Amino acid sequence: MHLSILSPHAASNQMFDEPDSHEFLKSLNPEQQAAVLQVDGPMLILAGPGSGKTRVITHRIAHMIHSGIDSRNIVALTFTNKAADEMKNRLSEMVPGHRATASTFHRFCSRLLRVYAPQIGLSENFTIYDTSDSKKLFKQAIGETELDLRHYSIANISQEVSNLKNRGIMPDTFEPKPGNYLHRIVSSVYPQYQKLLQLANGVDFDDLLMLTGQLLIENDDLRASLDSRFSHMMVDEYQDTNLAQYRLVRLLNRDYPNLAVTGDPDQSIYGWRGATLSNILEFERDFQNVRIVRLEQNYRSTKSILSVADMLIANNFRRKPKALRTDNARGEPVSLVGYRNPEIEANEIAESIRHAIRKENRRPNDFAILYRTNALSRALEHALRIHGVPYQVVQGLEFYQRREIKDLLAFTHLINNPADAIAFERVINVPTRGIGAKTVEKIRRYSIDNRVQITEAARRAGLIDSLAKSTATKISKFVAMYDRICESRDLPVAEIIQKIIDQTGYRDWLIEAGTEEAHERANNIDELVVAAAEFDRQHPEDGGLEAFLEQAALVNDTDAWESASEFVTLLTIHSSKGLEFPCVYIIGLEDGILPHERSSSNDDELEEERRLLFVGITRAQDRLQLSRCESRYRKNGYWPCIASRFLMELPRDEMNVHEPRSINDYGGDEEEPWSKDLDPWLHDGVPEIDINDDTVREHVSEFAKPKNPANKIPQTKILQTQSPLPKGSQQNDDSREQPSYEDVPKFPRLVTAADLAKEQEAGTAIRKIHPEVFKLGMRVGHPLYGTGVISELSGSGLKKTAHVDFGEYGCRRFRLSHSPLLPVESE
DNA sequence: TATTCGCAAGTTTTT
DNA sequence: CTTGCGAATA
């Protein structure tokens with residue numbers, strides 16, 4: 001991209017030697033210049049994808065600094081650590097030694113709260129609970145209230161509380177709607193939950209924002225001083241702000257409304273998390289004399305890609321129309337491919353990437369494969385391994401969510417915050433030391449009833465009547481060990497963690513188990529120590545236990561992603577936001593996946609799904625392939641899939657369409673649409689990959705070989721774990737629930753989404769039947785061909801094949817392990 | 001009362 | 001395919 005002409009050194013020199021240097025602005029287009037040069041007053045920067053937004057922000061800050069604004073008065077707020085880090089890095093290159101703040105909302109709030117914690121009833125060493133910890137606390141809070149939870153899950157309740165927190169509603173200001181049962185539950189759980197949080201000296205993610213807002217509202221002096229301290233504020237991805245964040249932005253820009261927000265309504269994809277699109281749509285109303293700058297020039301994608309993106313997003317109603325332009329070449333057409341199943345999809349993509357790397361001089365890190373849900377990465381990982389293509393999976397929170405890591409971090413949390421009840425319960429009996437659930441419950445009870453820290457309660461185990469002497473002794477031993485470790489609390493973090501591992505014997509305990517999994521876990525522990533050591537190295541001044549824990553709570557694995565590394569990147573569309581890749585594959589474009597089945601109930605959700613695809617498409621620089629499958633293994637069987645409705649909105653004549661004619665596309669006006677090649681059921685779900693096959697083996701690089709040959713194809717595993725035979729009576733019940741095959745309309749049959757939904761709802765669609773169930777001469781049903789008789793059986797295991805005579809529809813062959821065939825009771 | 005084993009159930013996206 | 005829960009056992 002021509003935008004990177006400015007080398008770091010050239011930039012800073014130019015800027016400081018010759019403030020209004022032509023060089024500095026030359027690399028920016030007129031709109032970008034306008035955004036950079038005006039530093040006072042509220043500004044809305046509507047930045048389309050690939051429009052050089054980050055560049056504008058960093059230049060703008062640089063410009064502020066050189067026009068005399070103290071860099072300490074500048075703050076840039078982002079959503080992800082990744083974005084914050086990138087901003088910091090770029091800014092440091094342009095203005096070495098600057099003191100501006102670039103941070104996520106959550107971290108910004110956390111810093112603030114640590115300073116003012118006492119004012120909101122916390123101490124500065126509070127723990128930040130992640131979602132799963134918060135869920136546990138909810139569970140306990142619910143336990144305290146003895147409510148009937150038949151109709152609402154913990155997820156429902158915590159979601160509702162989260163909504164309330166986003167709106168700044170505290171337990172004492174919550175007014176439940178009369179007649180709303182969920183509200184009734186929440187009205188007693190919410191206060192209880194907050195009480196437990198406070199007792200544990202902990203906050204959840206929502207609290208970070210809410211409590212900071214609360215603090216500023218209740219303390220206007222503080223608000224005013226922070227408003228002036230951060231006189232110049234920028235907010236990135238403003239379309240993703242929720243109400244709590246919005247409130248903070250307003251509070252900190254009252255006296256000094258030098259606020260620039262950047263965003264793109266079309267890229268708002270966090271509505272489910274409370275993001276309020278109206279924040280950006282109504283920015284002009286919220287602030288006076290708003291200057292609006294539109295960055296519509298796209299420097300990233302080819303014309304082909306951009307036009308596909310444009311056509312798609314034009315279907316949304318709730319948006320500000322904008323024109324995406326680019327001077328880039330038209331480029332190759334966007335591909336739209338239909339595959340038979342995910343294994344083939346993965347295999348072909350892996351192959352084409354491998355080919356591009358070998359023959360087209362592409363590098364692995366030129367490629368990204370995007371998907372709606374993390375679960376879709378499995379087939380790809382497997383295929384990439386088979387083809388020897390190096391890849392990395394960007395999966396949010398993976399490392400820090402592992403059990404062993406959580407265990408050790410919990411211990412670390414407990415050292416930092418002796419009140420941390422969740423951490424205490426996590427570590428008290430890990431490794432097992434004979435302190436079970438009942439005992440823990442008694443300690444917890446004591447802690448709550450006497451309003452003492454959980455460790456204090458444990459310390460007084462001897463005073464708890466209901467505890468046996470021997471149990472109290474065990475607890476005392478634990479407390480003694482805890483105290484020993486606490487002596488090291490001021491050492492470097494890596495040493496503290498090492499000490500925990502040594503004192504608790506955690507690692508030895510794992511090794512003792514002897515399983516392969518245990519060794520894996522032991523390795524992860526070592527990795528944690530390395531990570532801690534790395535943290536110590538990077539934070540010689542501002543380090544320490546608390547800083548480390550905060551970091552661990554607020555980072556995710558996405559942040560560790562490195563674009564420089566030589567890997568194909570696999571990631572969700574959500575986490576791809578803000579990134580760009582030369583070649584992008586978006587997979588699983590099927591109804592129910594994108595749009596997701598749980599996000600297509602109303603138009604707002606559907607529009608968000610469309611924006612999600614828009615975000616995915618606009619990650620691509622010069623090559624884009626969209627693909628879908630005709631059947632997919634979901635829940636417990638292969639299910640036919642309908643093409644995503646979004647695909648119908650794309651300009652197909654401009655695209656390269658490789659869709660096999662499929663059951664979904666035929667309305668009935670075709671003469672003879674079916675042929676063996678086109679019949680998805682004649683090709684079972686297993687790609688014919690066999691690493692023992694010589695023709696394939698040469699493609700398998702040494703490291704890519706699976707350790708266990710039985711693992712060579714995922715389906716093998718699935719079959720092996722299947723119970724040998726479905727229980728007889730169960731089996732009959734199942735078949736009786738099947739729709740009558742005589743009712744199935746004659747093909748060609750158009751399978752609609754509604755059909756599928758109906759079948760799914762009945763829970764009786766294609767169900768997997770063990771191959772051994774089928775016997776010669778048995779009457780079987782098929783969703784398309786009706787009933788038939790098994791005329792021939794051959795092969796065994798995975799390859800067991802049946803020939804079925806369907807009468808007027810002829811004789812067809814099926815791999816029984818993957819067929820939709822079901823036994824039919826004969827009258 | 002703790003531990004271990006087996007089975008069931010629930011699986012979007014993230015700070 | 002994981003985690004969570006319940007029953008059986010030590």
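As the structure is a computational prediction, the values presented were derived from the model and not from experiment.

Enquirer: An account of the overall build of chain A is requested, with residue identities and associated values reported.
Expert: Helix and strand content of chain A: 33 helices and 24 strands. The proportion of buried residues among the 827 residues of chain A is 56%. In chain A, of all internal contacts separated by at least 6 residues, the share reaching a separation of at least 24 is 75%. Total accessible area computed for chain A in this model is approximately 36800 Å², and 48% of it derives from carbon and sulfur atoms.

Enquirer: If you had to explain the state of the cysteines to someone new, which residues and values would you point to?
Expert: For the structure shown, the criterion picks out zero disulfides. Free of any disulfide, Cys641 has its nearest neighbouring cysteine sulfur in Cys629, separated by 6.9 Å.

Enquirer: Residues and numbers for helix 17 (residues 377-386), please.
Expert: Counting buried positions along helix 17 gives seven out of 10 residues, so the element sits mostly inside the fold. Among all positions in helix 17, only Ser377, Ala379, Leu380, His382, Ala383, Leu384 and Ile386 are buried. Positioned one or two residues after helix 17, Gly388 has a phi angle of 70 degrees, which is positive.

Enquirer: Would you mind going over the packing of helix 7 (residues 131-145) against helix 9 (residues 181-199) in detail, with residue names and values included?
Expert: Running from N to C, helix 7 and helix 9 point in directions that differ by 120 degrees, and their axes come no closer than 8 Å. In terms of axis orientation, helix 7 runs oblique to helix 9. Crossing hand, helix 7 versus helix 9: right-handed. In contact with Ser134, Leu137, Phe138, Gln140, Ala141, Ile142, Glu144 and Thr145 of helix 7, helix 9 contributes Ser188, Val189, Gln192, Tyr193, Leu196 and Leu197. When the residues that make up the contact of helix 7 with helix 9 are grouped by side-chain class, the tally is eight nonpolar, five polar and one charged.

Enquirer: Break down the pairing of strand 16 (residues 620-629) for me, with residues and values.
Expert: Counted residue by residue, strand 16 has nine buried out of 10 residues, so it is predominantly covered. Relative to strand 16, strand 15 (residues 581-586) runs parallel, the two sharing five bridges. Across the sheet, residue Phe581 finds its bridge partner in strand 16, namely Ala620. With helix 29 (residues 603-617) bridging strand 15 and the parallel strand 16, this β-α-β connection has right-handed handedness.

Enquirer: Summarise the sheet that holds strand 1 (residues 43-47); cite the residues concerned and give the values.
Expert: Here we have six strands laid out as an open sheet, ordered 3-2-6-7-1-8, and parallel in their pairing. In this open sheet, the two edge strands, each paired with only one partner strand, are strand 3 (101-104) and strand 8 (291-295). Averaged over all pairs of adjacent strands, the angle between strand axes in this sheet comes to 15 degrees, irrespective of strand direction. Pairing of strand 1 with strand 8 involves five bridges; the strand directions are parallel. Across the sheet, Ile45 pairs through a bridge with Val293, a residue of strand 8. Across the sheet, helix 3 (residues 30-37) is in contact with strand 1 and strand 8; its angle to strand 8 comes to roughly 145 degrees.

Enquirer: Can you break down the nonpolar core residue by residue, with the values?
Expert: One finds Ile157, Phe411, Ile415 and Phe548 to be the most contacted residues of the largest nonpolar core, which totals 118 residues. Top contributing element to this core by residue count: helix 9, with nine residues. In this structure Phe411 touches Val427, Phe478, Met481, Tyr482, Ile485, Ile500 and Thr504, once residues within four positions along its chain are discounted. Phe581, Leu594, Phe614 and Val615 belong to the second-largest nonpolar core, a separate cluster that totals 37 residues.

Enquirer: So, the pattern of salt bridges: which residues are in play, and what are the values?
Expert: Inspection of the entire model under this criterion finds 47 salt bridges. In this structure, Glu550 and Arg114 form a salt bridge, with 3.0 Å as the shortest nitrogen-oxygen distance. Of this pair, Glu550 sits in helix 27 (residues 545-554) while Arg114 is found in helix 6 (residues 105-116), placing the two residues 436 residues apart along the sequence. In this structure, Asp133 engages Lys406 in a salt bridge whose closest nitrogen and oxygen atoms are separated by 3.3 Å. A residue pair is termed long-range when its members are at least 10 positions apart, and Asp133 in helix 7 and Lys406 in helix 19 (residues 403-416) qualify at 273 residues. Accessibility expressed as a relative area gives 11% for Asp133, which makes it buried. Given the relative accessible area of 10%, Lys406 is considered buried. Several salt bridges converge on common partners, so that one network encompasses Lys53, Asp236, Glu237, Asp240 and Lys577.

Enquirer: Explain the packing of aromatic side chains to me, using residue names and the numbers behind them.
Expert: This structure, assessed with the given rule, holds 11 aromatic pairs. Look at Phe283 and Phe287: their rings are 5.0 Å apart centre to centre, the planes differ by 35 degrees, and that puts the pair in the tilted class. For the pair Phe283 and Phe287, a shared accessibility class is recorded, and that class is buried. Ring geometry for Phe367 versus Tyr585: centroids 6.5 Å apart, planes at 25 degrees, classification stacked. On the criterion of sequence distance, the pair formed by Phe367 in strand 12 (residues 367-371) and Tyr585 in strand 15 is long-range, its members being 218 residues apart. A residue is classified by how much of its surface remains accessible, and Phe367, at 0% relative accessible area, is buried. Here the aromatic residues Tyr238, Phe283 and Phe287 are joined through ring pairs into a cluster of three or more. The aromatic ring of Phe287 is capped on one face by Arg250, whose charged end is 5.2 Å from the ring centroid. Taking NZ or CZ as reference, Arg273 lies 4.6 Å from the ring centre of Tyr270, over its face.

Enquirer: So what about the sheet that holds strand 16? Which residues, and what values?
Expert: Each strand in a sheet pairs with another by means of backbone hydrogen bonds, the pair being arranged parallel or else antiparallel. With parallel pairing, seven strands are arranged side by side in an open sheet as 13-14-12-15-16-11-19. If you trace the sheet from one side to the other, it starts and ends with strand 13 (391-394) and strand 19 (656-658), each paired once. For this sheet, the mean angle separating the axes of adjacent strands, direction not counted, is 20 degrees. The pairing of strand 13 with strand 14 (residues 568-572) spans four bridges and is classified as parallel. When the sheet's bridge partners are listed, Val393 is paired in strand 14 with Leu570. Helix-sheet contacts for helix 16 (residues 342-359) involve strand 11 (335-339), strand 12, strand 14, strand 15 and strand 16, and the interaxial angle to strand 16 is about 155 degrees. This element, helix 17, spans strand 12, strand 13 and strand 14 of the sheet and lies at about 165 degrees to strand 13.

The rules behind these values
Residues numbered from 1 in each chain as written. Chains lettered and ligands numbered in written order. Predicted model: local features only at pLDDT ≥ 70, side-chain atom pairs only at ≥ 80, totals over all residues. Heavy atoms only, no water. Helix = DSSP H or I, 4+ residues; strand = E, 2+ residues; numbered from the N terminus. Buried < 20%, exposed > 50% of the residue type's maximum accessible area, 1.4 Å probe, protein only. Contact = heavy atoms within 4.5 Å. Areas by Shrake-Rupley, 256 points an atom, 1.4 Å probe, with all protein chains shown as cover. Disulfide = S-S within 2.5 Å. Axes fitted to C-alpha atoms, helices over the stretch in contact; angles between N-to-C directions. Parallel < 35°, antiparallel > 145°, perpendicular 65-115°, else oblique. Left-handed = near helix turned anticlockwise from the far one by under 90°. Nonpolar A, V, L, I, M, F, W, Y, C, P; charged D, E, K, R; others polar. Pairing = 2+ DSSP bridges. Right-handed = clockwise from strand over helix to strand, strands pointing away. Core = buried A, V, L, I, M, F, W, Y, C linked by side-chain atoms within 4.5 Å. Salt bridge = Lys/Arg side-chain N within 4 Å of Asp/Glu carboxyl O. Phe/Tyr/Trp six-rings, centres within 6.5 Å; stacked < 30°, edge-to-face > 60°. Lys NZ or Arg CZ within 6 Å of the ring centre and 35° of its normal.

All we've got here are geometric facts, nothing functional implied.
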